[in-house]
Structures are given as structure tokens and as C-alpha cells.
Amino acid sequence: MSEAEIIPIQAVDQYDFLEHRRQQEKKHWDKKHNNLQPLDSILTVEINTTELCNRTCVFCPRHDPTVFPNRQLHLTTKGAETIAEELADNGYSGKVSFSGFGENLLNPDFVEIVSIFHYHLPQATLECNTNGDKLDVDYLKGLMKAGLNLLYINLYDGPEQMEHFDKLIKEAYVPADRYKYRMHWGDFEKHGLILNNRSGVIDWVGIEETDIKSLQGKPCHYPFYKMFVDWNGDVLFCSNDWGREHVVGNLLQQSLYDVWFSKPMNKIRRRLARGDRSQSPCNKCSVDGSLFGKPSFDIVNKHLKL
């Protein structure tokens, strides 16, 4: 490894990142009380704040704009307030992940949105994924002041990007425990990246049909532990549903409980609990879905008597 490729401690490959997620999940359950309620099953609320991205990565549906075009659609501050208040009213203290289908920093109100969630959910962990292209010192300071707990900067071009971001982070006085670099360049397997076909929306990343069939009969935990909220408040049954095939409710119009335990969501869960992936888009999806969320899976199963 050359001097330019020396990886700092804040840079993690996917192997490290999976362990990081495992530790986060463990800490989450360690702080929970014994009298768990049905809504305690929600480990992560992932929010898609924008339908814009300035990149077209080969492993993303946006690589082909005819498959997933850019659109000037954003989560508004009013929408963020409604969602954050609903989560707070239900005592939510898990993780809020600003990730989704776009580049968060292209939402013109993103810093204010982070601030809104921090105000209403001071006990939650607020995270953001970004390609970092729009970051500067002032923006970094704004995110930290707004209450963002963890900033994940995805490095798509190479290790040389770290020199640029190191300079910004130093000038913005960002603590080491509030950011991580994630390696996404070059040889994906080298960095432990597990490519998936985004529930069948893309077919150019080399996912074999046998990879999908091998998952048949295996339960998937995603709809048991992660709630995915779109820019307009729509809740998809799974964060991997890039085709938006199943909207199970809307958090701007319904309560958290009514969305999380809606009839469409429970119908999907019943199938996936017994490993039935025969319905679309699960029948096209290459994601394992059992790496995380087992405690949530058990809570929901008990509540619904699946």
C-alpha cells in the first residue's frame, strides 16, 4: 500500500461497517427496558429527503436515468416537523437515517431538517449518508450545530478524496466520533461491498438468478425493524423497494402505529416470516435481509401472532 493509500481510522470498509451496525444494534437493545411494546420493534427510520443526486454510480438505479431519473422533489421542513413530532409522541429513541434514494445535501433545507429532528428527538441517533461533493467548512459546522450525530462520507473516487475531506473536517472542528469515511471505490469485493440489485430495479451489476433463488425459504427482517419514509411521507414496506411497488401508509396523514402495523405491511410480513419471497419485488431481490433485526422480528411476530 502506497503512502497515499494509507487508510485513517475513520475510514471503514463494509466489513468494518457491518460490525459498526452490529454494535449500534446491541447498544440500542441494551438501553431498552424489559417491558417492550410493539413500536419498540422500529430500530431505524430511514428518510429519503430528496429525489436528486449529482452522481450516477454503477451500482445505483440512477446510473440509468431512464430507470431512475432525477426529480426536483424534496422533504419539506413542514413535513419533517410532522414526522418528527409523530415519532416523538411515540417515544422513539432509535436511529434516524437520512439516506434513501438521493443525495441529502441537495435538499435546500437539509440542515434545518436535521435541526428539527434533533429538537423533537434528542435521544435518537441522527445519521446522514453523503457523497460529500457539496460539503464545505460552513456546511459541516451547520450540520454539527444542528445536532447530526454521525456523518458518513462515501468515497466513490479513491483514497485521495480523504485529504480533501480531512482538511474540511479539521477546519470545521468535527470530532472524530461524529464522522466516518466509507470506501466505495475500485474493487468492491476488496472493500467488502455486497452489491444488490435494488429489488430487481437494476440488472447490470452481475447478480445471478441463482443468488436470488438461494434466498427462497429464508425470512427477511427488513419490514420488521426498518421504516422507510419517502420525501412525501409515503412509507414503503422496505428500503430496498426502489421501484416503490408497495406503499403501506403515509406518516404525514396517519399515526406511527397505523402505518407500521397497516394491513398491507402485515400481509407482507406474514409471507416473509415464513420465508415466502414469491411476491414482487421480493421475488426479484438479492438482499439477504437477515443480518440485522432479529429482536425486532421477534417483537412483531409476538404482537401479530404470526
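Cut-offs used in this document
For every chain, the first residue of its written sequence is number 1, and the numbers climb from 1 along that sequence. Where totals are concerned, whole chains, interfaces and linings use all residues; where local detail is concerned, this predicted model gives features only for residues with pLDDT of at least 70, and gives and counts side-chain atom pairs only at 80 or more. The basis for every side-chain value is the complete set of non-hydrogen atoms in the structure, without hydrogens or water. Put simply, buried Ala, Val, Leu, Ile, Met, Phe, Trp, Tyr and Cys residues joined by side-chain atoms within 4.5 Å make one nonpolar core. Between buried and exposed lies partly exposed: a residue is buried under 20% and exposed over 50% of the maximum accessible area for its type, with that area taken using a 1.4 Å probe on protein chains only. Secondary structure follows DSSP: runs of H or I at least 4 residues long count as helices, runs of E at least 2 residues long count as strands, and numbering of each begins at the N terminus. Note on contacts: a residue pair qualifies if any of its non-hydrogen atoms lie within 4.5 Å across the two residues. Here, axes are lines fitted to C-alpha atoms. For helices the fit covers the stretch in contact, and angles between N-to-C directions go from 0 to 180 degrees. Working rule for angles: under 35 degrees goes down as roughly parallel, over 145 as roughly antiparallel, 65 to 115 as roughly perpendicular, anything else as oblique. In a left-handed crossing the near helix is turned counterclockwise from the far helix by less than a right angle, and in a right-handed crossing that turn is clockwise. In this count, Pro and Cys sit with the nonpolar residues alongside Ala, Val, Leu, Ile, Met, Phe, Trp and Tyr, while Asp, Glu, Lys and Arg are called charged and the others, Gly among them, polar. Identification of polar contacts relies on pairs of N or O atoms within 3.5 Å, with a donor-acceptor requirement for protein atoms, meaning one able to donate a hydrogen and the other able to accept it, and with residues adjacent in sequence counted only if both atoms are side-chain atoms. For this analysis, a ring pair means two rings from Phe, Tyr or Trp (six-membered ring only for Trp) whose centres lie within 6.5 Å, classed as stacked if their planes differ by under 30 degrees, edge-to-face if by over 60, and tilted for the remaining angles. A ring is considered to have a charge above it if a Lys NZ or an Arg CZ atom is located within 6 Å of its centre and within 35 degrees of its normal. The salt bridge definition used is simple: a Lys or Arg side-chain nitrogen within 4 Å of an Asp or Glu carboxyl oxygen. What the arc covers is the set of directions going from the helix axis to the C-beta atoms. Pairing between strands is defined by DSSP: at least two bridges between them are needed. The definition of a right-handed crossover adopted here requires that, viewed with the strands pointing away, the path from the first strand over the helix to the second runs clockwise.

Participant: I'd like to hear about the nonpolar core, residue by residue, with values.
Facilitator: Counting residues in each nonpolar core, the largest one holds 72 residues, and the members touching the most others are Phe98, Phe117, Leu135, Leu151 and Met227. Looking at this core, the element that brings in the most residues is helix H4 (residues 137-146), giving six residues. Residues in contact with Leu151, not counting those within four places in the same chain, are Cys128, Thr130, Leu135, Leu140, Leu143, Met144, Arg178, Tyr179 and Lys180. Within the second largest apolar cluster, ten residues are counted, among which are Cys57, Cys60, Ile202 and Phe228.

Participant: Describe the packing of helix H2 (residues 77-89) against helix H3 (residues 110-120), naming the residues involved and giving the relevant values.
Facilitator: For any two helices packed against each other, one specifies the inter-axial angle together with the distance between the axes. Two elements in contact, H2 and H3, have axes whose closest approach is 9 Å; the angle formed by their N-to-C orientations is 20°. With respect to their mutual orientation, H2 and H3 come out roughly parallel. Between H2 and H3 the crossing geometry is right-handed. Mapping the contact onto sequence places Thr77, Ala80, Glu81, Ile83, Ala84, Glu85, Leu87 and Ala88 in H2 and Glu112, Ile113, Ile116, Phe117 and His120 in H3. A breakdown of the residues in the contact of H2 with H3 according to their chemical character gives eight nonpolar, two polar and three charged.

Participant: Report on unusual backbone geometry, specifying residues and quantitative values.
Facilitator: Each neighbour pair has its own omega, and for Ser280 with Pro281 the value is 5°, a cis peptide bond. Along the chain, Pro281 falls in the loop between helix H9 (263-273) and helix H10 (294-304). Of note, the phi angle at Tyr173 is positive, near 55°, even though the residue is not glycine. Locating Tyr173 in the fold gives a position in the loop between helix H5 (161-171) and strand S6 (179-183).

Participant: Any chance you could break down H4 for me, citing the residues and the numbers?
Facilitator: Helical periodicity: at 3.6 residues per turn, an α-helix aligns residues three or four positions apart in one direction. Listed in full, the buried residues belonging to H4 are Val137, Tyr139, Leu140, Leu143, Met144 and Ala146. Packing partners of the buried residues in H4 comprise H3, strand S5 (150-155) and H5. The distance from a side-chain oxygen at the start of H4 to the backbone nitrogen of Asp138 is 3.2 Å, and the residue carrying that oxygen is Asp136. A positive backbone phi angle near 110° is found at Gly147, which sits one or two residues after H4.

Participant: If you had to explain the packing of aromatic side chains to someone new, which residues and values would you point to?
Facilitator: Tallying each qualifying case throughout the model produces 13 aromatic pairs. Consider the rings of Tyr257 and Phe261, whose centres lie 4.9 Å apart with planes at 40°: the pair is tilted. Taking relative accessible area as the criterion, Phe261 reaches 9% and is therefore assigned buried. Following the ring pairs from residue to residue traces out a cluster consisting of Phe68, Phe101, Phe228 and Trp242. A cation over an aromatic ring shows up here: Arg182 above the ring of Phe17, its NZ or CZ 3.6 Å from the ring centre.

Participant: Describe the pattern of salt bridges, naming the residues involved and giving the relevant values.
Facilitator: Following the criterion strictly, the structure yields 15 salt bridges and no others. Linking Arg22 and Glu19 is a salt bridge whose minimum nitrogen-to-oxygen distance equals 3.5 Å. Of this pair, Arg22 and Glu19 are both found in helix H1 (residues 14-30), three residues apart, which corresponds to roughly one turn of the helix. We classify Arg22 as partly exposed; its relative accessible area is 36%. On the basis of relative accessibility, which here comes to 36%, the residue Glu19 falls in the partly exposed class.

Participant: Residue-level account of H3, with values.
Facilitator: Of the positions making up H3, those classed as buried are Phe110, Ile113, Val114, Ile116, Phe117 and His120. The buried residues of H3 all sit within an arc of 160° when viewed along its axis, so they share a single face. Of the surrounding elements, those touching the buried residues of H3 are strand S2 (44-47), H2, strand S3 (95-98), strand S4 (125-130) and H4.

Participant: Please set out the pairing of S4 residue by residue, giving values where relevant.
Facilitator: Side-chain positions along a regular strand alternate between the two faces of the sheet. Buried residues dominate S4, accounting for five of its six residues. Note that S3 and S4 share four bridges and pair parallel. Among the inter-strand pairings, Val96 is bridged to a residue of S4, identified as Leu126. The parallel pair S3 and S4 is bridged by H3, and the resulting crossover is right-handed. Here S4 pairs with S5 via four bridges, running parallel. Bridging from a neighbouring strand, Glu127 pairs with Leu150 of S5. On the question of chirality, the crossover connecting S4 to the parallel S5 by way of H4 is right-handed.

Participant: Hey, could you go over the environment of Glu209 for me, with residue numbers and the actual values?
Facilitator: Tracing the backbone shows Glu209 in helix H6 (residues 209-213). When the C-alpha positions of Glu209 and Leu52 are compared, they lie 30 Å apart, and in sequence the two are 157 residues distant.

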